[in-house]
Amino acid sequence: MVLNPVISKLAGKLVVLASASPRRLEILSNAGLRFEVVPSWFKETLDKGLFKAPHEYAVETAKQKALEVARRMPFKHLKTPDIVIGADTIVTVDGMILEKPVDKEDAYRMLSSLSGKEHSVFTGVAIVVCHEKENEEVDYQLIEFYEETKVKFADLSDNMLWEYINSGEPMDKAGGYGIQALGGMLVEYVHGDFLNVVGFPLNHFCKQLDLIYNRCTSSADQEIVSVRLSHNGSHATSILTQPPPGLPAQSSPSPSSKAKPNPSSSPTPANYTHHTQNSSSANPVHKVKRKSSEGEVDESSWMLVNSLSKHTDDREAEFIYNTTLPLVTSSGQVIELSVTEHEDSEPKKDDLQRIIDLMDGFKASKALFTASKMCVFDLLQSRPGLDAAQVAQEIKASVKGTACLLEACVSLGLLTSKQRACQKSVYENTDLSSHFLLSDAPFSLRGYIQHCNDTVWPLFSHLESAVREGANQREKAFGKTSKDMFQDTFYNSQEAKLRFMNAMHSIAKVTGRAVATAFDLSSFKTACDLGGCTGAMAYEFTKAHPGLSVTVFDLPAVVEMSEHFLPLHTDNRVSFVAGDFFKDELPKADLYILARILHDWPDEKVGILLSKIANACTAGCGLLLSEIFLDEDRRGPSRGLLQALSMSEGKQRSATEYGLLLKSHGFITAHVRHTDNLLDAMLCIKV
Ligand SMILES: C[S@@+](CC[C@H](N)C(=O)[O-])C[C@H]1O[C@@H](n2cnc3c(N)ncnc32)[C@H](O)[C@@H]1O
């Protein structure tokens, strides 16, 4: 009997259901589970077209719902739940996903498409297990799965359909029917879990809980370690309760950890590889096994918590190590994890390539910077098909050097080359260069590339000193002492200022739309973009929100140059005000935007700025923060962590760290979005 031991393990834990569905509530309370209901604020607007299979959409929605509540509760409810359960039910028929009907006509369309046919009901479920750490940070461990049930509807006449629709029952139900009530009369048969159709796959859920709480060591014993899973150059992060026998933990064990070093085995480092294949099993599982010099370790050693199949690009996955558990979960792949130890094996080809790529990274960057600075991409856009000698003549460079640069750019995917009959290669831009490297492309990153070359590169060439001294290297890099990064480095000459503004402009144009559309801002009428620079971000906000006017507030040196960056069609809903946001009065607005501002400053300065914003705000005002949010365990993204290496007074922070800073000034985090663009975003509300 699975159920009771599971339920009793949850006694005394704060279990939260991130759903307002009365049916889910009933199913779980009938099972004896004690929980709180905190409906998720996550808007179910994921683009269905982005998912390969319908269940992936349901699982992702469930995950986002649960994570939103798990992240909100410590701030809004001032308590951290032990587990948060999110679920999303969808109906699919003929390749279409049906959710809740918006009106009666929609219900009719849905129900008539189901009439006389078999359809699938998928419920995606996400269980977020929260581990609160001493420093108030919370680690989230995610278990996700789905259940599919097949349902066949009888042939339904229009009369029957309308009678059912007029009963009002379809309106809040996925697919427009409720099998547990009147809708049961429409159903000819059900194959699979009936409760899954009602809205929650109780049996599958209990099996998952059983695996977490009954068959694995207590969550308090879990040791979070990071392992790199190498598979075609990909990586994964794993959560282990303790390391496999013979394998040392990669972070120091907690006092309660049962991990013991195995003296007979070789020490670090270890390589992990995983292999994936599709499982034909109706109840898909992830199998994981370890190979080492001591032979294969029982498959029962590992429990996979998160589906690798979801992360086809960077294949992030989480594992819990456990000595007794067979295998777990979730969506359709069999994964085999092999562990080998360095002393016994040759380095893998992938690993070698990865190290070489890292070693050569700076050469690739510099080749890109140089080709961009010498206008190679602009030239080949206006005159495609030039050979090296012709390019050399145009860019006033040696033929030999130009040929090397062009060939390097081809190898980096920035140019293509074709051999002419005379054996000469001719060059053209690739789509990548045409999108991002031309001076006049809408998403041109040329300004930012120039900033990287002229400002970031010199700073990085003094990285060792920066690391030794823990101080910025602007004096070494630029030969001048500087107290204020903006006034003394970026704005100390007209040329430097324009270069910096160009860099900000190009990044804001590329990232602006994703930030501006990350949240529903329809309740705000006036916004102030603090440190809004050229106004590029502000224009994206006014484009995305027709009812919004934005005041760009920046230093006088910047505002006086803003007209150089006006878009072709000027927008009179964007205006500029000059001032210093640490000293001057801030323009009044309903919404304050801080895009790529706070990372430049230490907590103390951030405190000054936030208290000025808080004073300017009344309850209900918004603060939209956009930055690179570090992962909560500070293991990524490397873009943010690498940027921190050349930063001076400022620092990179996680969403939780930003949330806490904002909370101390009366702002409650309402939503966090990890956009698939360069910047993440957080919307906070003043209470
Ligand atoms: C890293 S840039 C970000 C620009 C813009 N928000 C974006 O996302 O593209 C920082 C901006 O803050 C402005 N800034 C720095 N110190 C300031 C101050 N004390 N008062 C007003 N603006 C300031 C800079 O001039 C610059 O435009």
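Residues numbered from 1 in each chain as written. Predicted model: local features only at pLDDT ≥ 70, side-chain atom pairs only at ≥ 80, totals over all residues. Heavy atoms only, no water.

1. Remarks on the packing of helix α17 (residues 494–516) against helix α18 (residues 536–544)
This is how the line gets drawn: A fitted line through C-alpha atoms serves as each axis, taken over the contacting stretch for helices, and the angle formed by two N-to-C directions is quoted from 0 to 180°. The numbering of helices and of strands both runs from the N terminus, where a helix is a DSSP run of H or I of at least 4 residues and a strand a run of E of at least 2. Oblique is the label for every angle not falling under 35 degrees (roughly parallel), over 145 degrees (roughly antiparallel), or within 65 to 115 degrees (roughly perpendicular). In this scheme, a crossing is called left-handed if the near helix is turned counterclockwise away from the far one by less than a right angle; it is called right-handed if the turn is clockwise. Every residue pair with non-hydrogen atoms within 4.5 Å of one another is taken to be in contact.
In the contact formed by α17 and α18, the axes pass within 8 Å of each other and the chain directions differ by 30°. In this view, α17 runs roughly parallel relative to α18, as classed from their interaxial angle. Considering the relative orientation of α17 and α18, their crossing is right-handed. The segment α17 lies against α18, with H505, A508, K509, T511, G512, R513, V515 and A516 engaging A536, M537, E540, F541 and A544.

2. Observations concerning the sheet that holds strand β19 (residues 425–429)
Rule in force here: Two strands make a pair as long as DSSP finds a minimum of two bridges between them.
Strand order in the open sheet formed by 3 strands is β17-β19-β18, with antiparallel pairing between adjacent strands. Both edges of this open sheet fall to β17 (386–387) and β18 (415–419), since each of them pairs with a single strand only. Two strands pair when backbone bridges link them, and β18 and β19 are joined in this way by 5 bridges, in the antiparallel orientation. Residue pairing for β19: S417 is matched across the bridge by Y427. Running at roughly 110° to β18, helix α11 (residues 399–411) makes contact with β18 and β19 of the sheet.

3. Focus: the site of the ligand
Using the following cut-off: For this description, a residue counts as near a given molecule or strand if any of its non-hydrogen atoms is within 4 Å of it. Between N or O atoms, a polar contact is any pair within 3.5 Å; within protein, one atom must be a potential hydrogen donor and the other a potential acceptor, and residues adjacent in sequence are included only when both atoms are from side chains. Classification convention: Asp, Glu, Lys, Arg as charged; Ala, Val, Leu, Ile, Met, Phe, Trp, Tyr, Cys, Pro as nonpolar; all other residues, Gly among them, as polar.
Lining the immediate environment of the ligand, one finds 18 residues, of which Y491, G531, D554, A595 and R596 sit closest. The backbone of G531 places a nitrogen or oxygen atom 2.8 Å from a nitrogen atom of the ligand. D580 is positioned with one of its side-chain polar atoms (N or O) 2.9 Å from a nitrogen atom of the ligand. Split into classes, the residues belonging to the shell around the ligand amount to 12 nonpolar, 2 polar and 4 charged.

4. Here we look at the nonpolar core
Selection criterion: We call a set of buried residues a nonpolar core when its members are Ala, Val, Leu, Ile, Met, Phe, Trp, Tyr or Cys and they connect through side-chain atoms within 4.5 Å of each other. The buried label applies to any residue whose accessible area, calculated with a 1.4 Å probe on protein chains only, is under 20% of its type's maximum; exposed applies above 50%, and partly exposed to all values in between.
One finds I85, Y177 and F205 to be the most contacted residues of the largest nonpolar core, which totals 46 residues. Per element, the largest residue contribution to this core is 6 residues, and it comes from helix α7 (residues 202–214). Core analysis: the second largest hydrophobic core is formed by 44 residues, V558, F582, C617 and L625 among them.

5. Remarks on unusual backbone geometry
Backbone torsion omega between G636 and P637 reads -10°, so that peptide bond is classified as cis. Of note, P637 is situated in the loop between β24 (622–627) and α21 (638–644). Of note in the backbone geometry, C375 takes a positive phi value of approximately 60° without being a glycine. Relative to the assigned elements, C375 resides in the loop between α8 (349–373) and α9 (376–382). By relative accessible area, C375 is classed as partly exposed at 33%. The backbone phi angle of R596 is positive, close to 55°, even though this residue is not glycine. Relative to the helices and strands, R596 is located in the loop between β23 (591–595) and α20 (603–616).

6. What to know about the packing of aromatic side chains
What counts, and what does not: For this analysis, a ring pair means two rings from Phe, Tyr or Trp (six-membered ring only for Trp) whose centres lie within 6.5 Å, classed as stacked if their planes differ by under 30 degrees, edge-to-face if by over 60, and tilted for the remaining angles. Placement of a charge over a ring requires the Lys NZ or Arg CZ to be within 6 Å of the ring centre, with the centre-to-atom vector within 35 degrees of the ring normal.
Evaluation of the coordinates by the stated rule reveals 12 aromatic pairs. Joined through ring pairs, the aromatic side chains of F486, Y491, F500, F581, F582 and W601 make up one cluster. Across from the ring centre of W41, 3.7 Å away, lies the NZ or CZ of R72, which sits over that ring. It is K605 that lies over the ring of F582; its NZ or CZ is 4.2 Å from the centre.

7. Let's talk about the environment of A181
Relative to the elements of secondary structure, A181 occurs in the loop between α5 (158–166) and β7 (187–191). Taking the C-alpha atoms as reference, A181 lies 8.4 Å from E169; in sequence the two are 12 residues apart.

8. Structural notes on a nonpolar patch on the surface
For clarity, the cut-off: Patch membership requires more than 30% relative accessible area and the absence of a salt bridge. Residues of like charge join within 9 Å; the nonpolar side chains Val, Leu, Ile, Met, Phe, Trp and Tyr join within 5 Å. What sets the accessible areas is the Shrake-Rupley method with a 1.4 Å probe; for residues, cover comes only from the shown protein chains. Here a salt bridge means any side-chain nitrogen of Lys or Arg lying within 4 Å of a carboxyl oxygen belonging to Asp or Glu.
On the surface, L352, I355, I356, L358 and M359 cluster together to form a nonpolar patch covering roughly 480 Å² of accessible area. Here I355 shows up in helix α8.

9. Observations concerning the pattern of salt bridges
Any two side chains of opposite charge can pair if their charged atoms end up close together. Under the counting rule described, the total for this entry stands at 29 salt bridges. Two residues, E394 and R383, come together in a salt bridge whose shortest N-O distance is 3.0 Å. Highlighted residues: E394 in helix α10 (residues 388–395) and R383 in the loop between α9 and β17, separated in sequence by 11 residues. Note on E394: relative accessible area 38%, which makes it partly exposed. The closest approach of N and O atoms between E657 and R634, which form a salt bridge, is 3.1 Å. Of the two residues, E657 is situated in helix α22 (residues 655–663) and R634 in the loop between β24 and α21; the sequence distance between them amounts to 23 residues. Salt bridges linked by common partners bring K373, D454, E495 and R499 together as one network.

10. Looking at the sheet that holds strand β26 (residues 680–686)
Strand order across the open sheet formed by 7 strands is β22-β21-β20-β23-β24-β26-β25, with mixed pairing between neighbours. Of all the strands in the sheet, just β22 (574–578) and β25 (667–673) have a single pairing partner and so form its edges. Between one strand axis and the next, the sheet turns through 20° on average, direction left out of account. Note that β23 and β24 share 5 bridges and pair parallel. Looking at β24, one finds that L591 is bridged to G622.

11. Re α8
Definition in use: Each residue after the first adds 1.5 Å to the expected span of a helix. Note that bend, as reported per residue, equals the angle between axes fitted to the 7 residues terminating at that residue and the 7 residues originating from it.
In this model α8 runs 35 Å from its N-terminal to its C-terminal C-alpha over 25 residues, within 8% of the 36 Å that 1.5 Å per residue would give. The largest bend along α8 reaches roughly 45° and is located at D360. Buried residues of α8: A367, F369, A371 and S372, and no others. Along its buried surface, α8 packs onto α9, α11 and α13 (446–460). Just past α8, the residue C375 takes up positive phi, approximately 60°.

12. Considering the confidence of the model for the chain
What counts, and what does not: Per-residue confidence from the predictor is given as pLDDT, running between 0 and 100.
The predicted model of the chain averages 79 in pLDDT, with 79% of residues at 70 or higher. In this model residues 216–343 is a low-confidence stretch, pLDDT under 50, and it forms 309 contacts with partners more than four residues away in sequence or in other chains. Predicted complex metrics record ipTM = 0.99 and pTM = 0.55.

13. Re the side chain of S654
Here S654 shows up in the loop between α21 and α22. If we skip the residues at most four places from it in the chain, S654 touches L630, D631 and E632.

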